[in-house]
Amino acid sequence: MPPQQPGFMSKPLCALLAGTSLVQGFYLPGVAPIEYPEGARVELKVNKLTSVKTQLPYGYYTVPFCKPEGGVVDSAENLGEILTGDLIENSPYDLRMRENQQCKMLCKKPLEQADKDKFRTMIDDGYLVNWIVDNLPAATKYVRKSDGGEFMYMNGFPIGIERNGKYYVHNHMKMALKYHSSDQFEGYRIVGFEVEPHSMVQATRADPSMPGGVVAMCQEGAAAQLMDIDLYSEIIFTYDVSWEYSELRWVSRWDNYLKMTGGQIHWFSILNSLMIMLFLSGMVAMILLRTLYRDITKYNELATAEEAAEETGWKLVHGDVFRKPRFGKLLAVSVGCGVQILGMSVVTLIFALLGLLSPAHRGGLLQSMMLLFTFMGVFGGYASARVYKVFNGEDWKTCTLMTATLYPGIIFCVFFILNLFIWGQKSSGAVPFTTMFALLVLWFGISVPLVFLGSYFGFRKEAIELPVRTNHVPRQVPAQAWFMQPFFTCAVGGVLPFGAVFTELFFIMSSLWQHQFYYLFGFLALVLIILIITCAEISIALTYFQLTSENYNWWWRSFLASGSSAVYVFFYSCLYFNSRLQIDKVVSTMLYYGYMSIMSLLFFLLTGSIGMISSFFFVKTIYGSIKVD
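Presented here is a report on the structure given in the accompanying data block. On a predicted model such as this, the values are computed, not experimentally measured, just so you know. (Residues numbered from 1 in each chain as written. Predicted model: local features only at pLDDT ≥ 70, side-chain atom pairs only at ≥ 80, totals over all residues. Heavy atoms only, no water.)

Helix and strand counts for the protein chain stand at 15 helices and 17 strands. The buried share of the protein chain, reckoned over its 629 residues, is 52%. (Helix = DSSP H or I, 4+ residues; strand = E, 2+ residues; numbered from the N terminus. Buried < 20%, exposed > 50% of the residue type's maximum accessible area, 1.4 Å probe, protein only.)

This is the structure we're talking about:
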């Protein structure tokens with residue numbers, strides 16, 4: 001990870017954060033280490049070329065690198081790898097366990113003008129090469145001066161560099177592989193893979209004893225000539241291999257990649273979020289224990305006719321407080337989708353804390369989230385049915401169908417349109433239409449039936465019993481003060497949930513858009529708990545203030561109060577784009593804002609649902625505590 005890039009999603013209140021270290025030492029069952037005998041071939045695979053400037057991955061062999069003699073063979077990929085644009089293929093590199101190599105020639109290729117243009121474009125766009133050995137990504141080690149010379153690792157290495165208008169290709173690789181051996185097993189396990197790229201002009205001489213009859217000679221140091229692609233009509237690729245014993249055990253080999261950056265910032269984030277939550281908890285506690293207790297006691301006293309005539313406050317709207325809101329069906333659908341997202345988030349984090357989402361499984365996190373969202377459809381259908389039944393809704397089939405298709409359909413349409421633009425760029429990030437079809441099968445074949453199943457159980461149950469009856473004639477809502485207007489309350493309500501997560505959001509976005517590893521799931525679990533509590537409390541507080549001003553239209557307001565934090569998330573993504581990223585291509589910009597819009601929509605549904613459900617049970621509780629004539 002480059003020094004200027006701080007970290008991905010926030011990776012103890014000790015018990016939870018123990019999960020972070022657990023993730024680094026315990027992997028998915030079935031991921032067994034490979035023991036290589038001395039001299040055994042170690043396969044080096046190549047993955048996509050990536051760039052933080054374009055966000056468009058490309059296949060390794062789109063650039064004129066050396067190809068294996070038997071042809072390029074793709075590795076089998078899971079759904080998550082395909083969606084993230086991974087393209088893992090074989091390579092011509094010949095690595096042997098504990099056999100060092102010096103200036104081994106890979107191939108000599110002619111440099112046509114089209115090849116030179118391709119190299120220039122990829123170097124200008126800052127593309128990185130990604131290699132894999134024994135499921136470990138190639139890392140480039142660098143010294144972080146700001147941390148007192150501590151070594152840090154960057155995932156991948158640059159194709160080349162540009163200096164003063166000249167382009168130099170990295171055509172000589174120094175590979176440092178680390179292995180571990182023990183009396184407990186036979187052979188050697190690979191525990192480290194570092195690459196140091198160099199640009200040089202190699203000489204060649206004939207050697208009939210070598211494959212191809214040619215051997216390369218590499219000159220290093222100040223006298224070495226750099227490989228300027230404008231000066232030469234051919235390029236030679238060579239590599240060094242050095243093996244080194246390491247005391248690092250196989251289960252800990254990912255620690256260098258997952259090394260926590262900005263640990264103090266994470267703790268500051270947690271403390272900041274806790275202070276917000278404690279402030280809100282104090283405010284809600286004051287409402288419940290002091291104001292509400294006083295109100296309920298007063299309302300339950302036998303009032304004279306004069307006192308009853310002078311009653312003010314939230315008791316006056318008891319005949320309208322559970323009146324069906326406008327667009328009640330859409331609210332029920334939104335709450336159902338929010339519950340589905342919440343269920344997916346909680347279960348994903350539990351799996352991550354238990355170490356079941358190993359970084360060795362590329363695409364495993366995304367694939368798990370998609371499958372869990374699919375299976376959480378049963379809870380989404382159940383929640384939307386229960387809310388819709390409170391509104392005495394009759395059109396349950398439409399409500400259920402909207403729960404299953406409305407928001408997933410919006411997300412799929414945005415994703416499909418973006419995919420067409422990526423496909424137009426001939427990027428490996430374009431999802432094949434066969435995978436698109438698989439996603440549709442997952443959606444309509446599994447998710448939709450599960451939503452209907454959950455909805456069936458939700459509608460079969462008796463409706464939630466409400467403590468007060470709704471009047472036939474709606475009560476007139478008095479004029480509201482400026483600070484009780486919907487825009488102001490939503491703007492205030494969204495600030496606090498966003499404030500609880502914005503530091504963690506920075507690390508998540510750095511992982512998404514700057515290709516950094518994010519594995520601080522202990523912190524993220526804490527932040528999710530704080531977010532849930534904060535959303536619930538801010539919605540309860542604002543709903544109470546609204547009812548005391550005799551405004552009973554709280555259903556949508558409670559959803560939007562906490563859900564408006566998604567607007568702040570989107571504004572933050574705009575700020576991040578302008579301050580942290582160097583994206584200047586139109587398709588890349590569309591890609592960024594398209595995916596951040598999807599992320600903001602998911603956050604809106606998640607936080608809004610938490611706020612509305614919490615407010616509903618709060619209102620149900622307080623009106624169940626008073627005597628109503």
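With 28 residues, helix H10 (residues 433-460) should cover 40 Å at 1.5 Å per step; its first-to-last C-alpha distance of 39 Å lies within 8% of that length. Along its length, H10 reaches its greatest deviation from straightness, about 30°, at Ser447, and the proline Pro449 lies no more than four positions downstream. (Expected span 1.5 Å × (residues − 1). Bend = angle between axes of the 7 residues up to and from the residue.)

Here we come to the sheet that holds strand E2 (residues 44-46). Strand order in the open sheet formed by three strands is E2-E6-E7, and the pairing between neighbours is antiparallel. At either margin of the open sheet sits one strand with a lone partner, and together these are E2 and strand E7 (136-137). In this sheet, E7 lies alongside strand E6 (residues 131-133) in antiparallel orientation, the contact comprising two bridges. Residue pairing for E7: Val133 is matched across the bridge by Leu136. (Pairing = 2+ DSSP bridges.)

Let us now look at the pattern of salt bridges. Summed over all chains, the structure comprises 16 salt bridges. We note a salt bridge from Asp94 to Lys104, for which the minimum N-O separation is 3.4 Å. In this pair, Asp94 sits in the loop between helix H2 (79-83) and strand E3 (95-96) while Lys104 sits in strand E4 (residues 101-110), placing the two residues 10 residues apart along the sequence. (Salt bridge = Lys/Arg side-chain N within 4 Å of Asp/Glu carboxyl O.)

The next point concerns the packing of aromatic side chains. Under the counting rule described, the total for this entry stands at 38 aromatic pairs. An angle of 65° between the planes, with centres 5.0 Å apart, marks the rings of Tyr93 and Tyr239 as edge-to-face. In this pair, Tyr93 is assigned in the loop between H2 and E3 and Tyr239 in strand E17 (residues 234-245), connecting sequence segments 146 residues apart. Of the two residues, Tyr93 and Tyr239, neither departs from the other in class, the shared state being buried. By way of ring pairs, the aromatic residues Phe322, Phe391, Trp554, Trp555, Phe616, Phe617 and Tyr623 are connected into one cluster. The positively charged end of Lys118 is found above the aromatic ring belonging to Tyr58, 5.6 Å away from the centroid. The ring of Phe185 has Arg189 sitting right over it, with the charged end atom 3.8 Å from the ring centre. (Phe/Tyr/Trp six-rings, centres within 6.5 Å; stacked < 30°, edge-to-face > 60°. Lys NZ or Arg CZ within 6 Å of the ring centre and 35° of its normal.)

One way to put it is that helix H6 (residues 328-353) packs onto helix H15 (residues 586-623) with a least axis distance of 8 Å and a crossing angle of 105°. The pairing of H6 with H15 is recorded here as roughly perpendicular in orientation. Here Leu331, Ser334, Val335, Cys337, Gly338, Val339, Ile341 and Leu342 of H6 come into contact with H15, specifically with Leu602, Leu605, Leu606, Ser609, Ile610, Met612 and Ile613. The residue makeup of the contact of H6 with H15, split by class, is 12 nonpolar, three polar and no charged. (Axes fitted to C-alpha atoms, helices over the stretch in contact; angles between N-to-C directions. Parallel < 35°, antiparallel > 145°, perpendicular 65-115°, else oblique. Contact = heavy atoms within 4.5 Å. Nonpolar A, V, L, I, M, F, W, Y, C, P; charged D, E, K, R; others polar.)

A word on the nonpolar core. In terms of nonpolar packing, the biggest core is built from 141 residues, with Leu95, Trp131, Ile159, Met175 and Tyr623 touching the most fellow members. Beyond its immediate stretch of four places on either side in the chain, Leu95 contacts Ala40, Arg41, Val42, Leu44, Val133, Met175, Leu177, Tyr239 and Val241. If you look at the next biggest cluster of nonpolar residues, it comprises 11 residues, including Leu83, Ala404, Met436 and Leu439. (Core = buried A, V, L, I, M, F, W, Y, C linked by side-chain atoms within 4.5 Å.)

With that out of the way, let us pick up the state of the cysteines. Covalent bonding between the sulfur atoms of two cysteines is what defines a disulfide. This model, assessed by the stated rule, comprises two disulfides. Bridging Cys66 to Cys107, the disulfide has an S-S length of 1.8 Å. Residues Cys66 and Cys107 share a disulfide whose torsion about the S-S bond is about -75°; that sign makes it left-handed. On the criterion of sequence distance, the pair formed by Cys66 in the loop between E2 and H2 and Cys107 in strand E4 is long-range, its members being 41 residues apart. Taken individually, Cys66 and Cys107 each receive the classification buried, so the pair is uniform in this respect. Sulfur-sulfur distance for the disulfide between Cys103 and Cys218 comes to 1.8 Å. (Disulfide = S-S within 2.5 Å.)

With that settled, consider the layout of surface pockets. By volume, the second largest pocket is sized at about 600 Å³. Elements represented by at least two residues in the lining of the second largest pocket include exactly E4 and strand E16 (214-217). Counting residues per element, the lining of the second largest pocket draws most heavily on E4, at seven residues. The residue makeup of the lining of the second largest pocket, split by class, is 12 nonpolar, four polar and six charged. (1 Å grid on protein atoms, 1.4 Å probe; cavity = no way out; pocket = protein on both sides within 12 Å on 5 of 7 lines; lining within 4 Å. Points joined across faces, edges and corners; volume = space filled by probe spheres on them.)

Next up on the list: the environment of Leu278. Locating Leu278 in the fold gives a position in helix H4 (residues 263-300). Residue classification places Leu278 among the exposed positions, given a relative accessible area of 52%.

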